[in-house]
Amino acid sequence: MTYEFLQHYWCFVVALLGALLVFLLFVQGANSVARTLGQTEEGRRLVYNSTGRKWEFTFTTLVTFGGAFFASYPLFYSTSFGGAYWLWMIILFTFVLQAVSYEFQNKIGNLLGPRTFQFFLTLNGIVGPLLLGGAVATFFEGSNFIVEKNNLIDATAMTPVISHWANASHGLDALLNPWVLVFGFAVVFLARTLGILYVMNNVNDEDIRSRGSVRLVGAAVPFVILFVAYLVHLLLKDGYAYNDDGFIYMEPYKYLHNFIDMWYLTIVLLIGVALVLFGIGKTIVSKEYVGGIWPAGIGTVLTVLALLLCSAWNHTAYYPSTAQLQSSLTMVNSCSSEFTLRTMFYVSLLVPFVLAYIVYAWRAIDSKKIDREEIRTDHAY
């Protein structure tokens, strides 16, 4: 195992966690359309009880994604999570609101009323995917930060801070880039699409399933349009490349070149897109088919995985700086030491066992479809 192999390996692990996180945003997506899927109070509780079984998976994956980034690429963690803290704090705050809302919306003595906490769930369902999608878009569009490693050895520096944001917005300035918003809203509508597919599969209620087929069209069409628009933009835009000496420069059609050079990522991307379209299309066409979440979910993971790896592999700066080009982060200049990556490699061999437990727990939770009888019990949200 060479140092270069370990850098690529941990980039793959982090990208896979990010792809799984995007898939698990179906929880947020379903919550954002809960009031239209279930037009009655009982119908809405069916949706919230369906997503309430899975919200811990999404939050845990988000935390694990951040932890893996911290351990393998600490300079990214300190730059993004430390510099763009307003962006990440809003994301985390909406996720905390989500956790509180599930537990308190129907508690006896709830002074704010169920509708207030249901509004918080809707807020998380829109803001969470939008800002997470925007954060992913900055891997291609760049962020406004400066890295000064010499601060660590400069005795005259007041504070030995390696990286800092170049303005006072601390990450929110990314939302001023229209292409960041295009990708962010593509993730919002993708989350809604996956959320509708999941609820149709998980809730045994004909009223919600019939209404879901109609709402699915309204979510899938904007998603496809926005995603295709951003993909075309990505393939035609200049990208951030670096040479063997670590010098970073702008390369025309960089991401198109990446997909050509790494043809296997292109295959993964095309298979992923095809699976997503298949899951959506068959659900819309067939009234009996409710398993669209599985091909669409697998397709989402493959598509996002290919995009994230395209942003980092093949001598590409995965976190570009728009304030100072040479401050852009690459796998080489931002990763942990070889000893750390090698040690974590052996620890990562336990991951398949963790995934097996997650699959087991998922199947156990979903062993019985949710119906109206279940939400009348004391254990319902």
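Use the structure listed above.
Structure report, in brief. (Residues numbered from 1 in each chain as written. Predicted model: local features only at pLDDT ≥ 70, side-chain atom pairs only at ≥ 80, totals over all residues. Heavy atoms only, no water.)

**Some details on the packing of helix H1 (residues 3-24) against helix H13 (residues 293-310)**
Line of reasoning, step 1. Interhelical geometry of H1 versus H13 gives an angle of 140° and a closest axis separation of 8 Å. On the basis of their axis angle, the class for H1 and H13 is oblique. Regarding H1 and H13, the two cross each other, and that crossing is right-handed. Taking contact as the criterion, the partners of Cys11, Phe12, Ala15, Leu16, Gly18, Ala19, Leu20, Val22 and Phe23 in H1 are, on H13, Ile293, Gly297, Thr300, Val301, Val304, Leu305, Leu308 and Leu309. (Axes fitted to C-alpha atoms, helices over the stretch in contact; angles between N-to-C directions. Helix = DSSP H or I, 4+ residues; strand = E, 2+ residues; numbered from the N terminus. Parallel < 35°, antiparallel > 145°, perpendicular 65-115°, else oblique. Left-handed = near helix turned anticlockwise from the far one by under 90°. Contact = heavy atoms within 4.5 Å.)

**Regarding the side chain of Ser348**
Line of reasoning, step 1. Checked against the element boundaries, Ser348 lands in helix H14 (residues 338-348).
Line of reasoning, step 2. Residue Ser348 is classed as buried on the basis of its relative accessible area, which comes to 9%.
Line of reasoning, step 3. A polar side-chain atom of Ser348 sits 2.5 Å from the main-chain carbonyl oxygen of Phe345.
Line of reasoning, step 4. Ignoring any residue separated from it by four or fewer positions in sequence, one finds Ser348 in contact with Tyr9 and Trp10. (Buried < 20%, exposed > 50% of the residue type's maximum accessible area, 1.4 Å probe, protein only. Polar contact = N/O pair within 3.5 Å; in protein donor to acceptor, adjacent residues only side chain to side chain.)

**Digging into the packing of aromatic side chains**
Line of reasoning, step 1. Taken as a whole, this structure holds 36 aromatic pairs when the rule is applied.
Line of reasoning, step 2. Between the aromatic rings of Phe140 and Tyr255, the centroid separation amounts to 5.2 Å while the plane-to-plane angle is 80°, which identifies the pairing as edge-to-face. Taken as a pair, Phe140 in helix H8 (residues 114-141) and Tyr255 in helix H11 (residues 254-261) lie far apart in primary sequence, 115 residues in all.
Line of reasoning, step 3. When its relative accessible area of 1% is taken as the criterion, Phe140 is described as buried.
Line of reasoning, step 4. What makes Tyr255 buried here is its relative accessible area of 0%.
Line of reasoning, step 5. In this structure, Lys54 is placed above the aromatic ring of Trp362, and the distance from its NZ or CZ to the ring centre is 4.7 Å.
Line of reasoning, step 6. Here the basic side chain of Lys282 rests over the ring of Tyr289, its NZ or CZ set 4.5 Å away from the ring centre. (Phe/Tyr/Trp six-rings, centres within 6.5 Å; stacked < 30°, edge-to-face > 60°. Lys NZ or Arg CZ within 6 Å of the ring centre and 35° of its normal.)

Fair warning: the whole summary comes from geometry, so function is off the table for now.
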